[in-house]
Amino acid sequence: MTSPVTELVELLALERLEDNLFRGQSRDIGTKYVFGGQVLGQSLSAAQATIDTERPRDAHSLHAYFLRAGDIEAPIVYQVDRTRDGGSFSVRRVTAIQHGQVIFFAAASFHRHEEGVTHQLSMPEVPRPNDLPAAEPVPDGVLATLPTKVQRWLDRAGPFEFRHVYPRDELNPPKRPPYQQVWFRLTERIGDSPELHREMLAYASDFHLLGTANFPHGISYYQPGVQMASLDHALWFHRPFRVDDWLLYSIDSPSAQDARGLARGQIFDMQGRLVASTAQEGMVRVLEDER
């Protein structure tokens, strides 16, 4: 049986149809629609595939908009526009198409390595991942009472392991300040390709981010009447990293209003280096008559 990590590697390895046209498969991981992280990772994979290997440059930012929900039963076609290739930077625009409609678009920027000024904010002082317990599975009796899709999401063995510094019961969520820290890593080692590690991080960056906006309100995605969907996503790569080593995702939500929530994240490695930053705004609707 193929492992979840191998499945994810294969999911991010797109089929090239033409020079600037790629096709990616979709996976049902228990979400109602295509998981946003899948489209982020695949779009970055498509953009990276059009960078000239004789003029190497690394992805440093990705800015994306989710326009329509993706169908988990159908592949996604990615069309890449080679917007610019300058002396130091390259820009790619990626359009994701499904059933003849644009469901997502993104702009990715690439930069050749060069020396410059360096600084970063410090990593929060939190327990190390080995000092935290692994997540407990949802009891069978509780799992059986949940909708089928939620059961599949909570009962699946995914490619990433997560350890929460301050665990929260998503089925019975308390009200808490809008921040959290989560250690995560792939459950298996993968190769050394920095492009693959960036694609993997793009995929993982969609976990836990928007949900932080729910904390002050004592609600979660698993509850009836709570509707959530990513609207946009930004990701910046700062320093080299490996997603098969522990990384700390430090997230806060500075605002929620007008049925939208904003969340920001910083991702650190075990040495305390800031390797990436994220931001996302998403729809957060609470239908009171269904709660």
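Relevant structure appears above.
Undergrad: Honestly, the overall build of the protein in this entry has me stumped. Any pointers?
TA: Within the protein one finds five helices and twelve strands. Taken over C-alpha atoms, the radius of gyration comes to 19 Å for the protein, in line with the 19 Å a tight globule of 291 residues would show. Along the three orthogonal principal directions, the C-alpha set of the protein runs to about 55 × 45 × 45 Å. With 291 residues in all, the protein has 48% of them scored as buried. Contacts spanning at least 24 positions in sequence make up 72% of the contacts within the protein whose residues lie at least 6 apart.

Undergrad: Is there a simple way to think about the packing of aromatic side chains in this case?
TA: The description of an aromatic ring pair rests on the distance of the ring centres and on the angle between the ring planes. Tallied over the full model, the rule gives 13 aromatic pairs. When the ring of Phe 162 is compared with that of Phe 184, the centres are 6.3 Å apart and the planes differ by 35°; the resulting orientation is tilted. In this pair, Phe 162 is assigned in strand S7 (residues 160–164) and Phe 184 in strand S8 (residues 179–186), connecting sequence segments 22 residues apart. Phe 184 carries the same exposure label as Phe 162, and that label is buried. Every member of this aromatic cluster is reached through a ring pair, and the members are Phe 35, Phe 160, Phe 162, Phe 184, Tyr 203, Phe 207 and Tyr 249. Looking at Arg 93, its charged tip hangs above the ring of Phe 105, at a distance of 4.5 Å from the centre.

Undergrad: Explain the pairing of strand S4 (residues 76–85) to me, please; I cannot follow it from the model alone.
TA: The side chains of a regular strand alternate, first on one face of the sheet and then on the other. Across four bridges, strand S2 (residues 21–24) lies against S4 in antiparallel orientation. Of the residues in S4, the one forming a bridge with Phe 22 is Tyr 78. Pairing analysis gives seven bridges linking S4 to strand S5 (residues 89–98), with the strands arranged antiparallel. Bridging from a neighbouring strand, Asp 85 pairs with Ser 90 of S5.

Undergrad: Looking at this structure, I do not really get the layout of surface pockets. What am I missing?
TA: Take a probe with the size of a water molecule and roll it over the atoms, and the empty space left behind shows itself. Each pocket or cavity is described by its volume, and for the second largest pocket that value is around 860 Å³. Lining the second largest pocket we find 27 residues, and of these His 113, Phe 237, His 238, Arg 239 and Pro 240 sit closest to its centre. Among the secondary structure elements, those contributing two or more residues to the lining of the second largest pocket are strand S3 (58–66), helix H5 (194–204) and strand S9 (226–237). Tallied by class, residues from the lining of the second largest pocket come to ten nonpolar, nine polar and eight charged.

Undergrad: Sorry, what's going on with the pattern of salt bridges here?
TA: Pairing between side chains of opposite charge can happen when their charged atoms approach one another. Taken as a whole and assessed by the stated rule, the structure comprises 14 salt bridges. Note that Arg 189 and Asp 245 form a salt bridge whose closest N and O atoms lie 2.6 Å from each other. Of this pair, Arg 189 sits in the loop between S8 and H5 while Asp 245 sits in the loop between S9 and strand S10 (247–257), placing them 56 residues apart in sequence. For Arg 189, a relative accessible area of 54% corresponds to the exposed category. For Arg 260, the salt bridge is made with Glu 281, and the minimal N-O distance between the two is 2.9 Å. Of the two residues, Arg 260 sits in strand S11 (residues 260–269) while Glu 281 sits in strand S12 (residues 274–286), which places them 21 residues apart along the sequence.

Undergrad: What's the story with a nonpolar patch on the surface in this structure? I'm lost.
TA: A cluster of nonpolar side chains, Tyr 65, Leu 67 and Val 102, forms an exposed patch at the surface whose accessible area comes to about 250 Å². Following the sequence through the fold, Tyr 65 ends up in strand S3.

Undergrad: Would you explain H5 in this entry?
TA: Residue pairs spaced three or four apart in an α-helix point in one direction, given the helix's 3.6 residues per turn. The element H5 is extensively covered by neighbouring structure, given that nine of its eleven residues are classed as buried. Looking only at H5, the buried set comprises Leu 196, His 197, Arg 198, Glu 199, Met 200, Leu 201, Ala 202, Tyr 203 and Ala 204.

Undergrad: Would you explain the side chain of Arg 57 in this entry?
TA: Take Arg 57: it is sitting in the loop between helix H2 (36–48) and S3. One buried charged residue, Arg 57, remains without a salt bridge, the closest side chain of opposite sign being Asp 85 at 5.0 Å. A distance of 3.2 Å separates the side chain of Arg 57 from the backbone oxygen of Phe 89, its partner in a polar contact. Discounting chain neighbours no more than four positions away, the residues touching Arg 57 are Ile 51, Gly 86, Gly 87, Ser 88, Phe 89, Ser 90, Phe 110, His 111 and Arg 112.

Undergrad: Just to check I follow, could you spell out the environment of Met 228 for this structure?
TA: Following the sequence through the fold, Met 228 ends up in strand S9. Using a relative accessible area of 18% as the deciding quantity, one classes Met 228 as buried. When the C-alpha positions of Met 228 and Val 284 are compared, they lie 4.8 Å apart, and in sequence the two are 56 residues distant.

Conventions adopted
- Residues numbered from 1 in each chain as written.
- Predicted model: local features only at pLDDT ≥ 70, side-chain atom pairs only at ≥ 80, totals over all residues.
- Heavy atoms only, no water.
- Helix = DSSP H or I, 4+ residues; strand = E, 2+ residues; numbered from the N terminus.
- Rg over C-alpha atoms; globule rule 2.2 N^0.38 Å.
- Buried < 20%, exposed > 50% of the residue type's maximum accessible area, 1.4 Å probe, protein only.
- Contact = heavy atoms within 4.5 Å.
- Phe/Tyr/Trp six-rings, centres within 6.5 Å; stacked < 30°, edge-to-face > 60°.
- Lys NZ or Arg CZ within 6 Å of the ring centre and 35° of its normal.
- Pairing = 2+ DSSP bridges.
- 1 Å grid on protein atoms, 1.4 Å probe; cavity = no way out; pocket = protein on both sides within 12 Å on 5 of 7 lines; lining within 4 Å.
- Points joined across faces, edges and corners; volume = space filled by probe spheres on them.
- Nonpolar A, V, L, I, M, F, W, Y, C, P; charged D, E, K, R; others polar.
- Salt bridge = Lys/Arg side-chain N within 4 Å of Asp/Glu carboxyl O.
- Patch = residues over 30% accessible without salt bridge, like charges linked within 9 Å, V, L, I, M, F, W, Y side chains within 5 Å.
- Areas by Shrake-Rupley, 256 points an atom, 1.4 Å probe, with all protein chains shown as cover.
- Lys, Arg positive; Asp, Glu negative; His and termini not counted.
- Polar contact = N/O pair within 3.5 Å; in protein donor to acceptor, adjacent residues only side chain to side chain.

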